[in-house]
Amino acid sequence: MAANLTGFSIALMPGDGIGGEVMAAAQSALEVLRTRYDLPLAWEVLEWPSTAWHQQHGEMMPADALARVCAYDALLMGALGDPGPLNDPARYKLTDSVSLAPLLTFRKGLDLWACERPARLLPGAPRYLADPRAADVDMLVIRENSEGEYVNQGGRLHRGTPYEIATQLEVFTRRGTERLVRHAFRRAQQRQQRRGTTRSYYCAEKGSAPAQVCLITKRNAQPVWGELYTEVFEQIAQEFPEIGVTHQLVDAACMKFVQSPWDFDVVVASNLHGDILTDLAAVLSGGLGLAPSCNINPDSRELPALFEPTHGSAPDIAGQGKANPAAMLLTTAMMLEWLGFSDPAEHLRQAVAEDLANNPDQTRNCQTITDSVIDRLHR
Ligand code: IPM
Ligand code: MN
């Protein structure tokens, strides 16, 4: 990835359900920021992947989609999944394994092996925990994004008979584990260095938890990969003597995320554990409507990174203008930061934060929130 004469190019993929509504907000923000900061950015809106594309073409995206997205520097996606409405029997309905497959195809095919999901409770965001210390939640969950429980290998034998056998293989490689764990320590280091500042997600803004990486496993029940993760973690921790280390079994981590989430700094987890923990972490930082996410290859920018909020296509509210665009806007800020535009990224992040702090009303619609954020981008 390198800015050439024409700058960076981005593919906007609204996808399904509320994806289009929140993408419209992101696009407006990008337009304002491009003008204001004279950003060398160009984008194209793609109709795929989407359920609508499937309805027309019999597939979620063209067969050569993976090759085609390599022409871009970044991919910004709204959401994927059957858009509903849920009670309409005539709706075009795909199984999740079909409609969500492009996401996994991009994550694996572009080798986007780290999924970063910051969870910081912004002032004005819904706080679901009664303990006032929950206002200090400021963690970064880093999820393995290319292997583990998501390799989709296995099969069903004697299908439909009482003797049916289903196998679902999990694959954990030393290389995949080492790069993930090392990246988590590096992020902890950056958060420590920028502690107390408000620039980017890679600083511990509230600075309450000590600089620390918490490893998640289920090594008491799944010792094979649990021990590999533990050994690699202990080995790599020695390269970062200034960063604290801790380990939690995933079930206990769920409990502690609720009981004392302010104790966590960087959390590193397998693909499935990270998936589950980041929905929980999203609630700790105000809900899925506020939770950004990115899929990156921290070692290489040769292939495009994929930015998509943690939330899904929310078929229950799709088409009603009710979706909160904040998660999408914060995700767009992560993308700008990844592309090297840290001032516009911070401006966008602050605009979302200020909007939230000044408007605790949770019933505002997508357009109202967008207008308020855009207004702040002009200031
Ligand atoms: C996420 C989603 C995906 C995942 C689904 C849609 C396959 O839940 O991005 O967290 O499990 O990774
Ligand atoms: Mn998920």
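Cut-offs and rules
- Residues numbered from 1 in each chain as written.
- Chains lettered and ligands numbered in written order.
- Predicted model: local features only at pLDDT ≥ 70, side-chain atom pairs only at ≥ 80, totals over all residues.
- Heavy atoms only, no water.
- Core = buried A, V, L, I, M, F, W, Y, C linked by side-chain atoms within 4.5 Å.
- Buried < 20%, exposed > 50% of the residue type's maximum accessible area, 1.4 Å probe, protein only.
- Helix = DSSP H or I, 4+ residues; strand = E, 2+ residues; numbered from the N terminus.
- Domains from an automatic or database assignment.
- Contact = heavy atoms within 4.5 Å.
- Near = heavy atom within 4 Å.
- Polar contact = N/O pair within 3.5 Å; in protein donor to acceptor, adjacent residues only side chain to side chain.
- Areas by Shrake-Rupley, 256 points an atom, 1.4 Å probe, with all protein chains shown as cover.
- 1 Å grid on protein atoms, 1.4 Å probe; cavity = no way out; pocket = protein on both sides within 12 Å on 5 of 7 lines; lining within 4 Å.
- Sits in = over half its atoms within 2 Å of the grid points.
- Nonpolar A, V, L, I, M, F, W, Y, C, P; charged D, E, K, R; others polar.
- Buried area = accessible area lost by both parts, 1.4 Å probe.
- Salt bridge = Lys/Arg side-chain N within 4 Å of Asp/Glu carboxyl O.
- Points joined across faces, edges and corners; volume = space filled by probe spheres on them.

1. A short note on the nonpolar core
Thinking step 1. Of all hydrophobic cores here, the largest spans 111 residues; its most connected members are Leu41, Leu76, Phe307 and Leu348.
Thinking step 2. Counting residues per element, this core draws most heavily on helix α10 (residues 326-338), at nine residues.
Thinking step 3. Residues from two domains meet in this core; each of domain 1 (1-111 + 300-379) and domain 2 (115-291) gives at least three.
Thinking step 4. Apart from residues no more than four positions distant in its own chain, Phe307 is found in contact with Ala74, Leu75, Leu76, Met77, Ser293, Cys294, Ile296, Thr331, Met334, Met335 and Trp338.

2. Points about the site of ligand 1
Thinking step 1. The local shell around ligand 1 consists of Leu100, Leu103, Arg107, Arg117, Arg143, Tyr150 and Asp275.
Thinking step 2. In this structure, Arg143 approaches ligand 1 through a side-chain N or O atom, which is 2.7 Å from an oxygen atom.
Thinking step 3. Residue Asp275 places a side-chain N or O atom 2.8 Å away from an oxygen atom belonging to ligand 1.
Thinking step 4. Taken by itself ligand 1 offers 320 Å² of open surface, and the protein chains cover 79% of this.
Thinking step 5. Of the pockets mapped on this structure, ligand 1 occupies the largest pocket.
Thinking step 6. Tallied by class, the residues present in the shell around ligand 1 amount to three nonpolar, no polar and four charged.
Thinking step 7. The two domains that each donate at least three residues to the shell around ligand 1 are domain 1 (1-111 + 300-379) and domain 2 (115-291).

3. Quick look at the domain arrangement of the protein
Thinking step 1. Each assigned domain of the protein is listed here: domain 1 (1-111 + 300-379) and domain 2 (115-291).
Thinking step 2. Taking only C-alpha atoms, the centre of domain 1 and the centre of domain 2 are 23 Å apart.
Thinking step 3. Each side of the interface is counted separately: domain 1 has 24 residues, and domain 2 has 28 residues.
Thinking step 4. A combined buried area of about 2,300 Å² lies between domain 1 and domain 2, and 52% of that area is made up of carbon and sulfur atoms.
Thinking step 5. Counting the contacts that link domain 1 with domain 2 gives two salt bridges.

4. So, the pattern of salt bridges
Thinking step 1. The final tally for this structure, using the stated rule, is 20 salt bridges.
Thinking step 2. A salt bridge links Asp138 to Arg120; its shortest N-O distance comes to 3.2 Å. In this pair, Asp138 sits in strand β5 (residues 138-144) while Arg120 sits in strand β4 (residues 114-120), placing the two residues 18 residues apart along the sequence.
Thinking step 3. Using a relative accessible area of 5% as the deciding quantity, one classes Asp138 as buried.
Thinking step 4. Judged by relative accessible area, Arg120 falls into the buried class, the value being 6%.
Thinking step 5. Measuring nitrogen to oxygen at the nearest pair gives 3.6 Å for the salt bridge that ties Glu354 to Arg376. Of this pair, Glu354 sits in helix α11 (residues 342-358) while Arg376 sits in helix α12 (residues 366-378), and the two are 22 residues apart along the sequence.
Thinking step 6. Among the ionic contacts, a cluster of salt bridges with common partners joins Arg120, Asp138, Arg191, Glu205 and Asp265.

5. Quick word on empty space enclosed by the protein
Thinking step 1. Per the stated rule, a full pass over the model turns up three cavities of 30 Å³ or more.
Thinking step 2. Looking at the largest cavity, the residues that line it are Pro118, Ala119, Arg120, Leu122, Tyr201, Ser285, Leu290, Pro292, Leu330 and Arg349.
Thinking step 3. Considering every element that reaches the lining of the largest cavity, the biggest residue donor is β4, with three residues.
Thinking step 4. A per-class count over the lining of the largest cavity returns seven nonpolar, one polar and two charged.
Thinking step 5. Here the second largest cavity defines a volume of roughly 50 Å³.
Thinking step 6. Asp138, Arg191, Ser208, Ala209 and Phe264 are the residues nearest the centre of the second largest cavity, which is lined by 12 residues in total.

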